[in-house]
Amino acid sequence: ATTAPDVRDTLRQLHERFVPESGFATQVAAIDGQPIGHVTVCGHHLVHLFVAPDHQGRGIGRHLLEQGEAMIADMGHEHFEIHVRVDNPAAVAFYERSGWDHSGRVIHTIVHVIGYDEHVHVKACERDD
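Notes on the structure follow. (Residues numbered from 1 in each chain as written. Predicted model: local features only at pLDDT ≥ 70, side-chain atom pairs only at ≥ 80, totals over all residues. Heavy atoms only, no water.)

**Structural notes on the layout of surface pockets**
Quick reminder of the rule: The rule is simple: put a 1 Å grid over the protein atoms alone, call a set of points where a 1.4 Å probe fits but cannot get out a cavity, call an open set with protein on both sides within 12 Å along at least five of seven lines a pocket, and count a residue as lining if it has an atom within 4 Å of a point. Grid points are joined across faces, edges and corners, and a volume is the space filled by probe spheres set on the points. By definition, any uninterrupted DSSP run of H or I lasting at least four residues is a helix, any uninterrupted run of E lasting at least two residues is a strand, and each is numbered from the N terminus. Residues were grouped as follows: Ala, Val, Leu, Ile, Met, Phe, Trp, Tyr, Cys and Pro as nonpolar; Asp, Glu, Lys and Arg as charged; and all remaining residues, including Gly, as polar.
Approximately 1,300 Å³ is the volume found for the largest pocket. Forming the boundary of the largest pocket are 41 residues, of which Val47, His48, Leu49, Phe50 and Tyr95 lie nearest the centre. At the level of elements, helix H1 (7–18), strand E2 (34–42), strand E3 (45–51), helix H2 (60–74), strand E4 (79–85), helix H3 (89–97), strand E5 (101–111) and strand E6 (114–124) are the ones that each hand at least two residues to the lining of the largest pocket. Per element, the largest residue contribution to the lining of the largest pocket is 7 residues, and it comes from E3. For the lining of the largest pocket, the residue count by class is 18 nonpolar, 16 polar and 7 charged.

**Quick word on the nonpolar core**
Applied cut-off: Put simply, buried Ala, Val, Leu, Ile, Met, Phe, Trp, Tyr and Cys residues joined by side-chain atoms within 4.5 Å make one nonpolar core. Burial classification: accessible surface area is computed with a 1.4 Å probe over protein chains only, and a residue below 20% of its type maximum counts as buried, one above 50% as exposed, and the rest as partly exposed.
Ranked by size, the top nonpolar core spans 22 residues in total, and within it Leu46, Leu49, Leu64, Leu65, Tyr95 and Trp100 carry the most contacts. Secondary-structure elements contributing two or more residues to this core are E2, E3, H2, E4 and H3. With 6 residues, the top contributor of residues to this core is H2.

**Here we look at H3**
Convention followed: By arc we mean the arc of the directions from the helix axis to the C-beta atoms, nothing more. Residue contacts follow a heavy-atom distance rule, with two residues in contact if any of their heavy atoms lie within 4.5 Å.
Along H3, the positions that sit buried rather than exposed are Ala91, Val92, Phe94 and Tyr95. Within H3, the buried residues cover an arc of 160° as seen down the axis, which keeps them to one side. For H3, the exposed residues set more than 90 degrees away from the buried face come down to Pro89, Ala90 and Arg97. Here the buried face of H3 lies against E3, H2, E4 and E6. Looking one or two residues past H3, glycine 99 carries a phi angle of roughly 95°, positive in sign.

**What about the packing of H2 against H3?**
Note the cut-off: Note on geometry: axes are lines fitted to C-alpha atoms, helical ones only across the stretch in contact, with angles between N-to-C directions running from 0 to 180 degrees. Note on angle classes: values under 35 degrees are labelled roughly parallel, values over 145 roughly antiparallel, values of 65 to 115 roughly perpendicular, and the remainder oblique. Here a crossing is taken to be left-handed if its near helix is turned anticlockwise relative to the far helix by less than a right angle, and right-handed if that turn runs clockwise.
Close contact between H2 and H3 brings their axes to 11 Å; oriented N to C, the two are set at 60°. Between H2 and H3, the angle is such that the two are oblique. The chirality of how H2 crosses H3 is right-handed. Within the contact between the two elements, H2 uses Gly61, Arg62 and Leu65 and H3 uses Phe94, Tyr95 and Arg97. For the contact of H2 with H3, the per-class residue count stands at 3 nonpolar, 1 polar and 2 charged.

**A look at the environment of histidine 48**
Checked against the element boundaries, histidine 48 lands in strand E3. Taking the C-alpha atoms as reference, histidine 48 lies 9.1 Å from threonine 26; in sequence the two are 22 residues apart. Not counting residues within four places of it along the chain, the set of residues in contact with histidine 48 comprises His38, Val39 and Thr40.

**Points about the pattern of salt bridges**
Keep this limit in mind: Note on definitions: salt bridges are taken to be side-chain nitrogens of Lys or Arg within 4 Å of carboxyl oxygens of Asp or Glu.
The final tally for this structure, using the stated rule, is 2 salt bridges. Residues glutamate 69 and lysine 123 are paired through a salt bridge, measuring 3.1 Å at the closest nitrogen-oxygen approach. Residue glutamate 69 is found in helix H2, and its partner lysine 123 is found in strand E6; the two are separated by 54 residues along the sequence. Among the residues examined, glutamate 69 registers a relative accessible area of 13% and is labelled buried. Among the residues examined, lysine 123 registers a relative accessible area of 11% and is labelled buried. Between aspartate 87 and arginine 85 there is a salt bridge whose closest N-O contact spans 3.1 Å. Under the relative-accessibility criterion, arginine 85 is labelled partly exposed at 33%.

All we've got here are geometric facts, nothing functional implied.
In structure tokens, the structure reads:
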């Protein structure tokens, strides 16, 4: 049986991420004013990248990933980290094609009372300066 996310916990997490002092930064991709994806970073972590299923396969995810990496680099970080769900091989392949390396670590994450395993991927900043 699948456990449904706790709505109150989800709202709390969103509130914490959007207050100015949170350390989280988000860029949203939109078409005709309608959001279709986003990338969120915090420190050297690329926290979340999402593209609506109807818009996948068009390069939007790659563009958002580049934006997220630039946001992290602009904060002065030289190494990036992302946690990618083990049960999402398409996402694992996407990040690896984009130059992210599997660190060999797997962590167990619990978000909104739902637990899952994630690969820890890392990438070194490629600065042009």
